[in-house]
Amino acid sequence: VELKKLVYLYLINYAKTQPDLAILAVNTFVKDTQDPNPLIRALAVRTMGCIRVNKITEYLCDPLQRTLADEDPYVRKTAAICVAKLFDINPELVEDRGFIDQLRELLADSNPMVVANAVAALAEIRDSSKTPDTVFRLDSNTVYKLLAALNECTEWGQVFILDSLASYTAQDERDASSVIERVTPRLQHANCAVVLSAVKVIIGQLEAIDNPETVRVLAKKLAPPLVTLLSAEPEIQYVALRNINLVIQRYPEILRNEIKVFFCKYNDPIYVKQEKLETMVKLAAETNIEQVLLEFKEYATEVDVDFVRKAVRAIGRCAISIESAAERCISVLLELIATKVNYVVQEAIVVIKDIFRRYPNQYEGVIGTLCDSLDTLDEPEAKASMVWIIGEYAERIDNAEELLEAFLETFLEEAPEVQLQLLTATVKLFLKKPVSGPQALIQAVLNQATTETDDPDLRDRAYIYWRLLSSDPEAAKEVVLASKPMIRDDRNSLDPGLLKELLGQLSTLSSVYYKLPSTFVPRAVAAADDDGDDDEVANGNGNSAGAGVGQVASTGGASTSMDMLGELAAPAPAAPTPAGQASGADLLGDLMGGMGMDVVAPGASPLMNVMDMGSGSVNPAPAAPGSILLPADKGAGLEIAGVVARGGAGAPVYNLTFTNRTQAPLDGFQLQFNKNTFGLTPASQPQMDPVQPGDSRSCQLALTFSGNSSGGVASATLQVAVKSPRQNPAVFYFNDQVPLEAVLVAEGRMDAAVFAQQWQSIPAAQEHTQQLPVSPAMANPDAAARALGAANLFLVSTRAVPGTNLTAACFSGKAPGPQAESWLLLEITFAPGVHAVKVAVRERAPAGLAALALTAVQRVLSRAQ
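Rules and cut-offs
Residues numbered from 1 in each chain as written. Predicted model: local features only at pLDDT ≥ 70, side-chain atom pairs only at ≥ 80, totals over all residues. Heavy atoms only, no water. Helix = DSSP H or I, 4+ residues; strand = E, 2+ residues; numbered from the N terminus. Buried < 20%, exposed > 50% of the residue type's maximum accessible area, 1.4 Å probe, protein only. Contact = heavy atoms within 4.5 Å. Areas by Shrake-Rupley, 256 points an atom, 1.4 Å probe, with all protein chains shown as cover. Pairing = 2+ DSSP bridges. Polar contact = N/O pair within 3.5 Å; in protein donor to acceptor, adjacent residues only side chain to side chain. Core = buried A, V, L, I, M, F, W, Y, C linked by side-chain atoms within 4.5 Å. Axes fitted to C-alpha atoms, helices over the stretch in contact; angles between N-to-C directions. Salt bridge = Lys/Arg side-chain N within 4 Å of Asp/Glu carboxyl O. Phe/Tyr/Trp six-rings, centres within 6.5 Å; stacked < 30°, edge-to-face > 60°. Lys NZ or Arg CZ within 6 Å of the ring centre and 35° of its normal. Parallel < 35°, antiparallel > 145°, perpendicular 65-115°, else oblique. Left-handed = near helix turned anticlockwise from the far one by under 90°. Nonpolar A, V, L, I, M, F, W, Y, C, P; charged D, E, K, R; others polar. pLDDT = per-residue confidence, 0-100. Expected span 1.5 Å × (residues − 1).

## So, the overall build of the protein
Helix and strand counts for the protein stand at 38 helices and 13 strands. Burial statistics for the protein: of 865 residues in total, 52% are counted as buried. Put simply, of all contacts in the protein between residues at least 6 apart along the chain, 68% involve residues at least 24 apart. For the protein, the computed accessible surface area is about 38100 Å², with 51% contributed by carbon and sulfur atoms.

Here's what the structure looks like:
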């Protein structure tokens, strides 16, 4: 047997370079699958599965079917894994020969290891299949068979079974409690992977339990095993902490009383310390804030500068998230400033600036202490923060003019973010104290910013301020001194939808990266693309070419209203208007660009007669949009194509393709969205290999609704800024269009009685009607309901229109928004044999949403099915 193992191992490696000669050994493999020794039979089928040569697969089928039903469990478990290997080579062959059905039968096998291997094989095939639901779907009978095998499996067999159980949706609360009870003993296992997989199953089942007290009691059982994981090796601690950070965003009370176990030890690696710091910030509450602040203050005296900075920032985050602790946090920050340690002082100033934003007009008494530290500032972010404080509270600082004048002496040598803040702070000072001193300062800084700098962002912002101040100072006050949005608690920074998905991926790489598998696993990307609404086709390395859905807008002259904070500078507006142009208001109108949207005129009735349906004028279907968002000539050689679509998990995603037309590699792309109607913002930055000259790379960004809303009239326009460090400091801007059907949320179903009440409560003046062409397949209510339901516009009811042969169907949907979601009510009228419908939409807010809904309905119903 040992000699045969060596020979087979040689054949596996030899077959990679000489596939034709490897076929000569097939007869030996087939013969060995019938050997009396089960070890030989298993070895033969394993070797045939490992030889990844297409010509051998047809010879493998008969021996594999025989060994799947072998009397020896060792042979059966080996054959189960071989099915997954064969599927990877030839999926059609596996389906045609019924191997998947045989694997399902093995789920009821008497040997637990056979069950575990069958589960592992089915899970692998499901993840690679274009129709995963038909491969491996758990029902209650199968679940209890797996639970029965769980206790007798090896530790890795338990991991496979638990990972599969995590996808099971309990039928009711009793079913969920039963699963949790059977899985709970796994929390005491010595293997960390088993523990985390068990935690994943329990958290998934808690969603099916409605009783808060039951959920609290069951969730408490997760605390001891999670704490125990922190006594393992540093690498395991890091993975455990990343998973714990996800769990406490959903159930913070689990570990709130265990916060001491997250205190950093002197010999912890820096990556463990940083994760513990993040965990403590999330667990901080009024009951334990004193302990937490004492720890953070101690960390601020460490020798690792980066860790010290994060500790100071953590104090600020606690102040922002826990209002009752803000004053205590300010006191700790002032104590740190008193240490006169340069980098501590500068980080504290940055943090205090954010606290001022969160609690305006409450803690301004510390400004004097901050001003005493001006001479020590040498980092751009700290300088910019201090300048912002001076400009924002200029009326309360007696010597604000002198302080700004000291900064302005080196204006041209400062970093761009400092220059921008100095410009804005000087304008604020002038508007708050319009006397001779500030007037001279503003004149000097505007002259420098417009004539002596090469930064287009700085120059164009100066031009806007100049025109505003010279044409209408009152308008300038409204713009520059407008109230600012309050900073929000960023401790639970993940979107709830993304968090739910990641909790289902505990103990995998997704829970460490905080990204869905489709964003970094090529095969998962391909499967997600096949299941989604987009037309991307993934190639071998996970790259894909996207087909645009949103209409391509002009990439030049991006709006100056874009508030690009962070590393991306403010966008460059168009050139200033020539002398003699009417006014500063006209200049702003030019710079803002065509952001408006025509609203469909309200109709008098949602119904139409047959003559209107057949002969009335019908608006043409929207033109097929292009996919190039940023042409290479506008992006200095960087070309971007993309589309916002609904991802496989139902959440919106941004499918982007970066093409490099330059002579050097491009990487490290960073995207930022401007304020938009739906508050869309990327959940993460693009993660992909460098784009070589002449090559293209694709990625899929998960989007969340946690960004800032633009307010006002609803618009599909999405303004995007993008930069690559290789093209630094260039920042490029382009516009995209967000299809409403890609962002409608899943909670849009409405009861018929509630729909009727809501419809009647909305004035008829807020009804918008339009006659739309549809494809022949969509000209009946049933087909239209299926298509619109896939876009989260749900059928409420249908009725016959009295006295006609028309059918009216009511639909409801809900549009997302960072502050509040907006209901959409639609009535679509169908006539037999007519390839057009009449759509009536009633909306409450925001204005313009009905126009987006009409366009979305037209897109969905114009598709040929």
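Once the structure has been displayed, the description carries forward.
## Quick word on the sheet that holds strand β1 (residues 628–630)
Overall, antiparallel pairing links the 5 strands, which are arranged β1-β2-β3-β6-β5 in an open sheet. Where the open sheet ends on each side, the last strands, each with one partner, are β1 and β5 (681–682). Of the pairings in the sheet, the one linking β5 to strand β6 (residues 696–704) comprises 2 bridges and is antiparallel in character. Considered in β6, the bridge of Thr 681 is made with Thr 704.

## Notes on the side chain of Thr 450
As for its position among the elements, Thr 450 is in helix α27 (residues 436–451). The buried category is assigned to Thr 450, whose relative accessible area is 9%. A distance of 2.6 Å separates a polar side-chain atom of Thr 450 from the backbone oxygen of Leu 446. Aside from chain neighbours lying at most four places away, what touches Thr 450 is Arg 459, Ala 462, Tyr 463 and Trp 466.

## Re the environment of Gln 18
With respect to the helices, strands and loops of the structure, Gln 18 is situated in the loop between α1 (2–17) and α2 (19–22). Residues Gln 18 and Val 53, 35 residues apart in the sequence, show an inter-C-alpha distance of 9.7 Å.

## A word on the nonpolar core
Among the nonpolar cores identified, the biggest contains 183 residues, and Leu 64, Phe 296 and Phe 356 are the most heavily contacted of them. Grouped together as the second largest cluster of nonpolar side chains are 62 residues, Ile 640, Leu 701, Val 745 and Leu 824 included.

## Quick look at the sheet that holds strand β7 (residues 717–723)
Taking strand neighbours across the sheet as the criterion, the 3 strands line up as β4-β7-β8 in an open arrangement whose pairing is antiparallel. This sheet does not close on itself; its edge strands, each paired only once, are β4 (670–673) and β8 (732–737). Within this sheet the neighbouring strands show an average axis-to-axis angle of 30 degrees, counted without direction. In this sheet, β7 lies alongside β4 in antiparallel orientation, the contact comprising 4 bridges. Pairing of Leu 671 across the sheet is with Val 722, part of β7.

## Regarding the side chain of Asn 245
Topologically, Asn 245 is positioned in helix α17 (residues 234–250). Of note is the side chain of Asn 245, whose polar atom sits 2.9 Å from the side chain of Glu 275. Setting aside residues no more than four positions away along its own chain, Asn 245 makes contact with Glu 275, Glu 278, Thr 279, Lys 282 and Tyr 514.

## Section: the pattern of salt bridges
Applying the stated criterion across every chain, the model contains 29 salt bridges. Salt-bridge contacts for Glu 207 lead to Arg 250; the nearest nitrogen and oxygen are separated by 3.3 Å. With Glu 207 in the loop between α14 (192–206) and α15 (212–220) and Arg 250 in helix α17, the pair connects residues that are 43 residues apart, well separated along the chain. When salt bridges that share partners are traced, they join Arg 309, Arg 313, Glu 347, Glu 379 and Glu 381 into one network.

## Looking at the packing of aromatic side chains
Under the defined criterion, the tally for this structure stands at 9 aromatic pairs. When the ring of Tyr 299 is compared with that of Phe 307, the centres are 5.4 Å apart and the planes differ by 45 degrees; the resulting orientation is tilted. Just as Tyr 299 is buried, Phe 307 falls in that class too. On the numbers, 5.0 Å between centres and 80 degrees between planes, the contact of Tyr 513 with Phe 520 is edge-to-face. According to the relative accessible area criterion, Tyr 513 is partly exposed, its value standing at 42%. On the accessibility criterion, Phe 520 (29% relative accessible area) is partly exposed. Ring pairing ties together the aromatic residues Phe 296, Tyr 299 and Phe 307, which thus form one cluster. The ring of Tyr 514 carries Arg 242 above its face, with NZ or CZ at 3.8 Å from the centroid. Across the ring face of Phe 307, the terminal group of Lys 273 is positioned such that the distance to the ring centre comes to 5.5 Å.

## Quick notes on the packing of helix α11 (residues 140–150) against helix α12 (residues 155–165)
Running from N to C, α11 and α12 point in directions that differ by 155 degrees, and their axes come no closer than 10 Å. When the interaxial angle is binned, α11 and α12 end up roughly antiparallel. Helix-helix and strand crossings are classified by hand; for α11 and α12 the assignment is left-handed. Facing α11, whose interface residues are Val 143, Leu 146, Leu 147, Ala 149 and Leu 150, α12 presents Gln 158, Ile 161, Leu 162 and Leu 165. Split into classes, the residues belonging to the contact of α11 with α12 amount to 8 nonpolar, 1 polar and no charged.

## Brief notes about the confidence of the model for the protein
Mean pLDDT over the protein works out to 80, with 86% of the residues at or above the 70 mark. Within the model, the stretch residues 524–626 combines pLDDT values under 50 with 224 contacts to residues more than four positions away or in other chains.

## Some thoughts on helix α20 (residues 305–321)
An ideal rise of 1.5 Å per residue puts 24 Å on 17 residues; α20 measures up with 25 Å between its terminal C-alpha atoms. In terms of burial, α20 is a largely internal element, 12 of the 17 residues being buried. Within α20 the residues assigned to the buried category are Phe 307, Val 308, Ala 311, Val 312, Ala 314, Ile 315, Gly 316, Arg 317, Cys 318, Ala 319, Ile 320 and Ser 321. Buried-residue contacts for α20 involve α18 (270–283), α19 (289–299), α21 (326–337) and α22 (342–358).

## Points about the pairing of β7
Burial runs high along β7: 7 of the 7 residues are buried. Residues of β7 alternate between two faces, with Thr 717, Gln 719, Ala 721 and Lys 723 on one and Leu 718, Val 720 and Val 722 on the opposite face, all of them buried. Pairing between β7 and β8: 6 bridges, direction antiparallel. When the bridges of β8 are listed, Gln 719 appears paired with Asn 735.

## Details of the environment of Ser 471
In this fold, Ser 471 is placed in helix α28 (residues 456–471). What makes Ser 471 partly exposed here is its relative accessible area of 38%. Of note is the side chain of Ser 471, whose polar atom sits 2.6 Å from the backbone oxygen of Arg 467.

## A closer look at α28
Between its first and last C-alpha atoms α28 spans 22 Å; for 16 residues at 1.5 Å apiece the expected length is 22 Å, and the two agree. Residues of α28 that are buried: Asp 457, Leu 458, Asp 460, Ala 462, Ile 464, Tyr 465, Leu 468 and Leu 469. One side-chain oxygen of the residue at the start of α28 lies 3.0 Å from the amide nitrogen of Asp 457, identifying that residue as Asp 455.

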